[in-house]
Amino acid sequence: MTTNSAPTTALTHIAQLVTNDPSLGEGPLGLIQDAAVVIDGDRIAWVGPSGKAPATDNAVDAGGRAVIPGFVDSHSHLVFAGDRTEEFNARMSGRPYSAGGIRTTVAATRAAGDDVLRANVARYLAEGLRQGTTTQETKSGYGLTVEDEARALRIAAEQTDEVTFLGAHIVPPDHADDPAGYVDLVTGPMLDACAPHARWVDVFCERGAFDGDQARAILTAGAAKGLVPRVHANQLGHGPGVQLAVELGAASADHCTHLTDADVDALAGSETVATLLPGAEFSTRATWPDARRLLDAGATVALSTDCNPGSSFTSSMPFCIALAVRDMGMTPDEAVWSATAGGARALRRTDVGRITPGARADLALLDAPSHVHLAYRPGVPLVSAVWHKGVLV
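Residues numbered from 1 in each chain as written. Predicted model: local features only at pLDDT ≥ 70, side-chain atom pairs only at ≥ 80, totals over all residues. Heavy atoms only, no water.

1. Things to note about the overall build of the chain
Then step 1. Scanning the chain for helices and strands turns up 13 helices and 16 strands.
Then step 2. Compactness check: the chain gives a C-alpha radius of gyration of 21 Å against a globular reference of 21 Å for 393 residues, within 12% of the reference.
Then step 3. Projected onto its principal axes, the C-alpha coordinates of the chain cover approximately 70 × 45 × 40 Å.
Then step 4. Residue burial in the chain is summarised as follows: out of 393 residues, 56% are buried.
Then step 5. Counting 30 positive and 46 negative side-chain charges, the chain places the averaged centre of each group 2 Å from the other. (Helix = DSSP H or I, 4+ residues; strand = E, 2+ residues; numbered from the N terminus. Rg over C-alpha atoms; globule rule 2.2 N^0.38 Å. Buried < 20%, exposed > 50% of the residue type's maximum accessible area, 1.4 Å probe, protein only. Lys, Arg positive; Asp, Glu negative; His and termini not counted. Charge placed at Lys NZ, Arg CZ, Asp CG, Glu CD.)

Printed below as a string of structure tokens:
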């Protein structure tokens, strides 16, 4: 069944296959028992019962283990230099988290050479890939000058397609006395330099960062340049971020820790995905987002790592799944869906986050008979093999 020069490969004897397509199998995850998947080039060509798999050039016996879609990590901050171990240690010793620690990373990132930043991005992408992450969004936001923000985005775009302009992370110290001037910089020369290298525009809409009016101006300017909005919303307290995200048609409102009933209703009645980042709450000992409340209201929920050096220094989607099940009220099925199909929704992608004919061949083989083990065995490295764009990596 070869349709191009690439050999075809069948993964057979899969104990449980998560397709994320209810038309192909049982429940919302579209589960198929004793399944097979055929990869043709970089695409999924066929899925179904193992005994009915068509002939292929190669075969891999899954040995009664589970296969899931590659994780889609739709929120991270990988372009940075420096270390904030001391801040983390102090926080774990009783000091509260605030947005101000970002300035430490800004100074280190500005001082770092391109090769250092490029190597760091590659390191964290590889770290995530080993744990099953095959689609990775990442942001700028640790340069906060025209040159440094554009540099961060160029470096990110070399290694991932999902790149977000976050010049509005905080007001940097050199503009502390003129936040309005910094907003003008972000919406003017900085946006002009950065837009060609990004798909998305984001803003940290939070006390200590940018208020609702500033965030609106930044997101609107980004949209005028063809960038789709995303919003850091309602992480540290109640605020206008979620409502602004829904109003502007943002792809996602990220964090969503402190929500009013009106915020939940707005998300449930919109296409904006509520992206929850439990690594941040774990690393800051903050209030957990209430995933159950969002899901019961009908909102679409994604899970992501928020990998960054200050408030969530993890690249592990399996770890975030375990946290979401243990502390945020999600079932194992919901958490796995949110870490795969949910992340794809947050990135407005239909080619990833699922194992269906025509989708990109991104799969993770688990050293376990079921996806439930991702929450059942927290901290255990269960991802034993990863296919990314059809290639075993």
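That covers the picture; the talk isn't over yet.
2. A word on the sheet that holds strand E4 (residues 58–69)
Then step 1. Taken in spatial order, the seven strands line up as E3-E2-E1-E4-E14-E15-E16 in an open sheet, and their pairing is mixed. On the outer flanks of this sheet lie strand E3 (43–49) and strand E16 (391–392), each paired with one strand and no other.
Then step 2. With seven bridges connecting them, strand E1 (residues 8–17) and strand E2 (residues 32–40) associate as antiparallel partners. Counterpart to glutamine 16 in the pairing with E2 is glutamine 33. (Pairing = 2+ DSSP bridges.)

3. Topic: the environment of valine 380
Then step 1. By the element assignment, valine 380 lies in the loop between helix H13 (373–376) and strand E15 (383–388).
Then step 2. Along the sequence, valine 380 and phenylalanine 319 sit 61 residues apart, while their C-alpha atoms lie 9.0 Å from each other.

4. Concerning the environment of lysine 139
Then step 1. Within the element layout of this structure, lysine 139 appears in strand E6 (residues 133–139).
Then step 2. Every residue in contact with lysine 139, bar those within four places of it in the chain, is listed here: His75, Ser76, His77, Leu78, Val79, Thr164, Leu166, Asp202, Arg230 and His232.
Then step 3. Side-chain polar atoms of lysine 139 contact the side chain of glutamate 137, separated by 2.8 Å. (Contact = heavy atoms within 4.5 Å. Polar contact = N/O pair within 3.5 Å; in protein donor to acceptor, adjacent residues only side chain to side chain.)

5. Some thoughts on the nonpolar core
Then step 1. Phe165, Phe210, Leu267, Leu294 and Leu303 are the most contacted members of the largest nonpolar core, which totals 84 residues.
Then step 2. With six residues, helix H5 (residues 179–194) is the single largest residue contributor to this core.
Then step 3. When residues no more than four places from it in sequence are discounted, the contact partners of leucine 267 are Val242, Val246, Ala253, Cys256, Leu259, Thr272, Ala274, Leu294 and Ala299.
Then step 4. Judged by nonpolar contacts, the second largest core, of 17 residues, contains Ile14, Val37, Val67 and Leu363. (Core = buried A, V, L, I, M, F, W, Y, C linked by side-chain atoms within 4.5 Å.)

6. Examining the environment of glycine 141
Then step 1. You can see glycine 141 is positioned in the loop between E6 and helix H4 (146–157).
Then step 2. For the pair glycine 141 and arginine 84, spaced 57 residues apart in sequence, the C-alpha to C-alpha distance is 16 Å.
Then step 3. Setting aside residues up to four positions removed in sequence, glycine 141 forms contacts with Ile102, Val106, Glu149, Leu166 and His169.

7. Considering unusual backbone geometry
Then step 1. The backbone of histidine 13 sits at a positive phi, close to 55°, despite the residue not being glycine.
Then step 2. Position of histidine 13 among the secondary structure elements: in strand E1.
Then step 3. Look at histidine 13 and you get partly exposed, because its relative accessible area is 41%.

Everything listed here is a matter of coordinates, which is why it stays silent on function.
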